[in-house]
Amino acid sequence: MSALDRKVTFLQRRHSKTHVFVLVFILSVVLAAMIGVRHYIFEPVRLQDNSLFPKYKKNSIMWMCKLPSCTQNVGYGDYVWGVLRNQDNMVRKVLGIPGDSITITNNSKVYTPHKNFKWKGEDAFIETRKIHIPRKGDTLVFDKLNDVEQDYLISLMHEQNEKFYVKSSLWQGKRQMPLERIGSTKLGNRLVSLQEIDYMPWQDRYLVELQIFLAEPGNTPIHIKRELYSAKDSSKISFYVVPEDCYYLICEKSNHCADSREIGYFTQKNFVGSANKVANNIQKKVDNRIFQAKEFVKNLIAKSKRKDKSKSDKKEKEKSQPPKRATKTKNS
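Remember, predicted model here, so these are calculated numbers, not experimental data.

Trainee: Could you give me a rundown of the overall build of the protein, with the residues and numbers involved?
Mentor: Helix and strand counts for the protein come out as seven helices and 19 strands. Residue burial in the protein is summarised as follows: out of 332 residues, 34% are buried. By sequence separation, contacts in the protein at least 24 residues apart represent 60% of the contacts at least 6 residues apart. As displayed, the protein has an accessible area near 22,000 Å², and 55% of this comes from carbon and sulfur atoms.

Trainee: So, unusual backbone geometry: which residues are in play, and what are the values?
Mentor: A cis geometry characterises the amide bond from F53 onward to P54, with omega recorded as 10°. Mapped onto the secondary structure, P54 falls in the loop between β1 (42-46) and β2 (61-65). Its identity as a non-glycine residue notwithstanding, S108 has a phi of 75°, on the positive side. Along the chain, S108 falls in the loop between β5 (101-104) and β6 (109-111). Judged by its relative accessible area of 11%, S108 is buried.

Trainee: How would you sum up the sheet that holds β1? Please name residues and give values.
Mentor: Ordered by their spatial adjacency, seven strands build an open sheet running β1-β2-β19-β3-β4-β17-β18, and the pairing between neighbours is antiparallel. Lying at the two open borders of the sheet, with one neighbouring strand each, are β1 and β18 (266-267).

Trainee: Any details on the environment of I102? Residues and values, ideally.
Mentor: Locating I102 in the fold gives a position in strand β5. Taking relative accessible area as the criterion, I102 reaches 0% and is therefore assigned buried. Sequence separation of I102 and T112 is ten residues, and the distance between their C-alpha atoms is 4.7 Å. If sequence neighbours within four positions are ignored, I102 has contacts with L95, Y111, T112, P113, R129, K130, I131, I133 and Y248.

Trainee: I'd like to hear about the state of the cysteines, residue by residue, with values.
Mentor: Applying the stated criterion across every chain yields a total of two disulfides. A sulfur-sulfur distance of 2.0 Å marks the disulfide that ties C65 to C70. Between C65 and C70 the sulfur-sulfur dihedral comes to about 65°; the bridge is accordingly right-handed. The buried category is assigned to C65, whose relative accessible area is 4%. The buried category is assigned to C70, whose relative accessible area is 18%. There is a disulfide in this structure between C251 and C257, and the S-S distance comes to 1.8 Å. On the S-S bond that ties C251 to C257, the torsion sits near -70°, and the link is left-handed. For C257, a relative accessible area of 11% corresponds to the buried category.

Trainee: Just give me the short version of the sheet that holds strand β11 (residues 175-177), but keep the residues and values in it.
Mentor: If you walk across this open sheet you meet the four strands as β11-β10-β14-β15, and the pairing is antiparallel. A single partner strand is all that each edge strand has here, and the edge strands are β11 and β15 (236-237). Looking at chain direction, strand β10 (residues 164-172) and β11 are connected through three bridges and run antiparallel. Across the sheet, residue L170 finds its bridge partner in β11, namely M177. Its contacts with the sheet place helix α4 (residues 147-159) against β10, β14 (222-230) and β15, and it is angled at close to 20° to β14. Together, β10, β11 and β14 form the strand contacts of helix α5 (residues 202-215), whose direction differs from that of β14 by roughly 135°.

Trainee: Describe the environment of D245, listing the residues and the values that go with them.
Mentor: Relative to the helices and strands, D245 resides in the loop between β16 (239-241) and β17 (246-250). On the accessibility criterion, D245 (27% relative accessible area) is partly exposed. Considered as a pair, D245 and Q72 are 173 residues apart in the sequence and their alpha carbons are 9.9 Å apart. In contact with D245, other than residues within four places in its own chain, are P98, P134, R135, K136, F266, T267 and Q268. Within the structure, the side chain of D245 is placed 2.8 Å from the backbone nitrogen of K136, a separation counted as a polar contact.

Thresholds, definitions, all that
- Residues numbered from 1 in each chain as written.
- Predicted model: local features only at pLDDT ≥ 70, side-chain atom pairs only at ≥ 80, totals over all residues.
- Heavy atoms only, no water.
- Helix = DSSP H or I, 4+ residues; strand = E, 2+ residues; numbered from the N terminus.
- Buried < 20%, exposed > 50% of the residue type's maximum accessible area, 1.4 Å probe, protein only.
- Contact = heavy atoms within 4.5 Å.
- Areas by Shrake-Rupley, 256 points an atom, 1.4 Å probe, with all protein chains shown as cover.
- Pairing = 2+ DSSP bridges.
- Disulfide = S-S within 2.5 Å.
- Axes fitted to C-alpha atoms, helices over the stretch in contact; angles between N-to-C directions.
- Polar contact = N/O pair within 3.5 Å; in protein donor to acceptor, adjacent residues only side chain to side chain.

Right, here's the structure in full:
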């Protein structure tokens, strides 16, 4: 077969219906694979705030692995994409994993089994607290938990759709005081309502207790005691068996950022994905190159504008100067 015949045969095959069908089929498979990877394996997430600054800036892209192997093997220092009960999305860093005990002090120092550091901008803890991160199957006795751990347990029970209610009482040492005494205290510029005391955050309860302590005679501590009761039969709930592993997630930039300090523990059912280090390192290099290119173009434009302005100023200066008069010379 001559070269011309081979070329004709090739063109006939290339424009045949079978060839077109095969191409369309291959493209469809590739597109379906890309969509599948995009929705079920890897997904780019754009950061909406500066919560992970300086490592990741606002509007940065983070690639999240959504496979079960990624969300079920989360470790200290990993970045996790989670969803809250109100369906808000957030990306946070793992500070505590199941079984860890962490301490956050009122002077921003943080102690963990993995690393100790000073947390810049930390102002949510007005008193030093030690927090134990529970594992699945741990039994938490409510009365033995400190005030912040009680808050986190109540939040966890709400997340698990447990039906219960809280009952508060006021104590000075071993003497019970009228709960109405709380109504004379203030948070900011407003009086405290008795309706809010049951679910009031631990920092606010601490301030209320401190105000009553300063107003009462003696040195006996003031304590707001809470008890849990089942909504079904009003029986007292003294302990709770943790149904899932819990994690403590934080912001890199701690000030004014919602994380486990106010939300409480995160469980694996909150996790949508975890950051893939390889993909994010590549993305970071691409972002840096794009940033450098933008800065280069920006500098070129600024330099061009300066040159144009310099030429314009020079022309204006020449126009503003009076014309030079010609001088006559006498012939000798």
